[in-house]
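# Observations on chain architecture
What follows is each chain in one-letter form.
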Amino acid sequence: MHARWLIPIGVGAAQAAHVAHATQYMTVEQAQRAAFPQATTFEMTRADLHALALDAPAGWSPRIWQARNGNQLLGWFFADAVIGKSEAIDYALALDANGSVIALEVLQYRESHGSEVRLAPWRKQFVGKTIRDPVALNQDIKNISGATLSCRHLTEGVQRLLKLHAHALLTAPA
Amino acid sequence: MQRNFASRAIDIAFAEIAQIHRLMSFHEPGSDLSRLHRARTGAWVSVDARTREVLAYALRVARESNGCFDPTVAAEQVASGYLPEPHSAFVPDSNASWRDIELNDDGVRLCKPLWIDLGGIAKGYAVDRAVEILLETGAPQTCVNAGGDLRIAGPRAECVHVRDASGAIAAAVELGDAAIASSTSVPAHATAAHRDGENKQPIEGGVTASVIAANCMTADALTKVVLARGAASARTLAAFGAQASVHDLRSVRGTFGVAA
């Protein structure tokens, strides 16, 4: 008999050895197609990150695309990375044209613990969030015990991208 | 060829499930339980080996849970309208309990007038029998899911999501060669679905208990103990090598009874 609680991690549960080193779950292109199936182009965009004075870690450099169907703006796609516990988690965030979250995907996970953040039920909590929501752990985003650092840093990453979008992209000429 | 083979095995498994239902149904007049309820109190009644096996296991769960699991709460379930009134030779004794059921090699007798309901355990047994049949026919990987009571057998582990009473996913668990069953207690205004065998009171509502065990009969029966007892069921869970998670509509209340 083998049983391992993923959400929630069982209190006092025997922790099975996680072997999830550097697992790539999705490429950027796959995540783009999944979030915007109707898009005909993904146009890479730049934003002046330094002008925003967001409380971002050194070296923060998200890649940004506009998802378009011909001339119509469908939304925005970000590929970013945060540190989980000690290794980077590559993730992607898709926002619709109004800035609410369509999808959060974990693209690559390198750590041995905390990979529960890639489970769909946890990620789905972000769907529909906007800059007007707290997007904060233990407020409107539930923590996963045993994966707290991954949850916290990924949640902060999403919050940062929502700010970036609201302040630097939403007003930009489409 | 392969497909024919698999579909034949599945047909046999379904037929076994139907047979278990016929044997252990509370209300079908031809079931083993109906024959027991029509018989004179104290008389030995010969039953199918499968009915005997489930009864023996039900008594073991009753013993290990100090009577919290009790297949004789049927009289109260009938009184509250949750079960239909059976054709019976007697009126059940309100002091009767699981201790008044005796088994011998091929039969059962009721030492006091009582009604037996195997609704809390027979579904899990049906899942186990279906899994065993599929494995015997050579299926390398099997999953039998009877509306949430499910068992996975084979080398591949699978992820199972547990939903709360509203249908939202409350928990996820990776299972291999194991069974999981969930029971939800209904709100107090609805008809009582589960009843505590010790005080015969309905279990209060809105809580879901999921139990993981080596087989589905164990998981099915123990969900009722966990619903009634919460964390105090840990000792009973340990006796069966089982573990449980309990959640309500707002949050996970706890995960306990994890076998070492």
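Residues numbered from 1 in each chain as written. Chains lettered and ligands numbered in written order. Predicted model: local features only at pLDDT ≥ 70, side-chain atom pairs only at ≥ 80, totals over all residues. Heavy atoms only, no water.

## Points about the overall build of chain B
Tallying secondary structure elements over chain B gives 7 helices and 11 strands in all. Relative to its full complement of 260 residues, chain B shows a buried share of 51%. For chain B, the exposed surface amounts to about 11700 Å²; the carbon and sulfur share of it is 51%. (Helix = DSSP H or I, 4+ residues; strand = E, 2+ residues; numbered from the N terminus. Buried < 20%, exposed > 50% of the residue type's maximum accessible area, 1.4 Å probe, protein only. Areas by Shrake-Rupley, 256 points an atom, 1.4 Å probe, with all protein chains shown as cover.)

## A few points about the overall build of chain A
Within chain A one finds 3 helices and 7 strands. Reading chain A from its N end, one meets helices and strands in the order β-β-α-β-β-β-β-β-α-α. Evaluated residue by residue, chain A yields a buried proportion of 49% over its 174 residues. When contacts within chain A are restricted to residue pairs at least 6 apart in sequence, those whose partners lie at least 24 apart make up 55%. (Contact = heavy atoms within 4.5 Å.)

## Overview of the nonpolar core
One finds Met24, Ile116, Leu118, Ile121, Val211 and Leu222 of chain B to be the most contacted residues of the largest nonpolar core, which totals 52 residues. Excluding residues that lie within four positions of it along the chain, leucine 222 of chain B makes contacts with Val61, Val211, Thr236, Leu237, Phe240 and Ala242 of chain B. Counting residues in each nonpolar core, the second largest holds 31 residues, with Leu52, Val82, Ile141 and Cys151 of chain A among its members. (Core = buried A, V, L, I, M, F, W, Y, C linked by side-chain atoms within 4.5 Å.)

## Description of the sheet that holds strand E3 (residues 107–110) of chain B
Within a sheet, adjacent strands bond to each other through the backbone by hydrogen bonds, running parallel or antiparallel. Residue and element names in this part refer to chain B. Read across the open sheet, the 3 strands follow the order E1-E3-E2; overall the sheet is antiparallel. Across the chains shown, the open sheet's two edge strands, defined by having one partner strand only, are strand E1 (45–46) and strand E2 (101–103). As paired elements, E1 and E3 share 2 bridges and run antiparallel to each other. Paired with serine 46 across the two strands is glycine 107, which belongs to E3. Where helix H3 (residues 49–64) meets the sheet, its contacts fall on E2 and E3, and the angle it forms with E2 comes to roughly 125°. (Pairing = 2+ DSSP bridges. Axes fitted to C-alpha atoms, helices over the stretch in contact; angles between N-to-C directions.)

## Focus on the state of the cysteines
Tallied over the entire structure, the rule returns 0 disulfides over all chains. Here cysteine 143 of chain B stays unpaired: no disulfide links it, and the sulfur of cysteine 216 of chain B, its closest cysteine neighbor, is 9.9 Å away. (Disulfide = S-S within 2.5 Å.)

## Overview of the pattern of salt bridges
All names here are of chain B. Within this structure, the stated rule accounts for 14 salt bridges over all chains. Across the pair glutamate 102 and arginine 109 runs a salt bridge, and its minimum N-O distance is 3.3 Å. Residue classification places glutamate 102 among the partly exposed positions, given a relative accessible area of 31%. Measuring nitrogen to oxygen at the nearest pair gives 3.9 Å for the salt bridge that ties glutamate 158 to arginine 156. (Salt bridge = Lys/Arg side-chain N within 4 Å of Asp/Glu carboxyl O.)

## Points about unusual backbone geometry
The backbone of asparagine 138 of chain A shows a phi angle near 70°, a positive value even though the residue is not glycine. Inspection of the secondary structure assignment puts asparagine 138 of chain A in the loop between helix H2 (120–124) and helix H3 (148–169). On the accessibility criterion, asparagine 138 of chain A (56% relative accessible area) is exposed. Backbone geometry places asparagine 66 of chain B, a non-glycine residue, at a positive phi of 55°.

## Some remarks on the confidence of the model for chain B
Per-residue confidence for chain B averages 87 on the pLDDT scale, and 88% of its residues sit at or above 70. With pTM at 0.60, the complex prediction returns an ipTM value of 0.72. (pLDDT = per-residue confidence, 0-100.)

## Some points on the environment of isoleucine 64 of chain A
Residues and elements named next belong to chain A. Relative to the helices and strands, isoleucine 64 is located in strand E4 (residues 63–69). Of the residues examined, isoleucine 64 reaches a relative accessible area of 2% and is grouped as buried. Residues isoleucine 64 and phenylalanine 78, 14 residues apart in the sequence, show an inter-C-alpha distance of 4.7 Å. In this view, isoleucine 64 contacts Glu43, Met44, Thr45, Ala47, Trp76, Phe77, Phe78, Leu164 and Leu169; residues no more than four positions away in its chain are not counted.

## Points about the packing of H3 of chain B against helix H6 (residues 216–229) of chain B
Residue and element names in this part refer to chain B. Between H3 and H6, the shortest axis-to-axis distance is 11 Å and the interhelical angle comes to 45°. In terms of axis orientation, H3 runs oblique to H6. Of the two possible hands of crossing, H3 and H6 adopt the one that is right-handed. Seen from H3, the contacting residues are Val54, Tyr57 and Val61; seen from H6, they are Met217, Thr218, Ala221 and Leu222. (Parallel < 35°, antiparallel > 145°, perpendicular 65-115°, else oblique. Left-handed = near helix turned anticlockwise from the far one by under 90°.)

## Focus: the packing of helix H5 (residues 122–136) of chain B against H6 of chain B
All names here are of chain B. Close contact between H5 and H6 brings their axes to 7 Å; oriented N to C, the two are set at 165°. Overall, the two elements H5 and H6 adopt an arrangement that is roughly antiparallel. Two packed elements cross with a definite hand, and for H5 against H6 that hand is right-handed. Between H5, through Ala122, Lys123, Gly124, Tyr125, Val127 and Asp128, and H6, the contact on the second element is made entirely by Cys216, Met217 and Asp220.

## Regarding helix H1 (residues 28–35) of chain A
All names here are of chain A. Listed as buried for H1 are Val28, Ala31, Gln32 and Ala35. Down the axis, H1 shows its buried residues gathered within 100° of arc, on one side only. On the buried face of H1, the contacting elements are strand E3 (41–45), E4, strand E5 (72–83), strand E6 (88–96) and strand E7 (101–109). (Arc of directions from axis to C-beta.)

## Some thoughts on the confidence of the model for chain A
Residue and element names in this part refer to chain A. With 88% of its residues at a pLDDT of at least 70, chain A reaches an overall mean of 83. At the low end of the mean pLDDT range in chain A sits strand E2 (residues 23–24), at 70; at the high end sits E4, at 94. This model gives residues 9–21 a pLDDT under 50, and the stretch forms 23 contacts once residues within four places in sequence are excluded.

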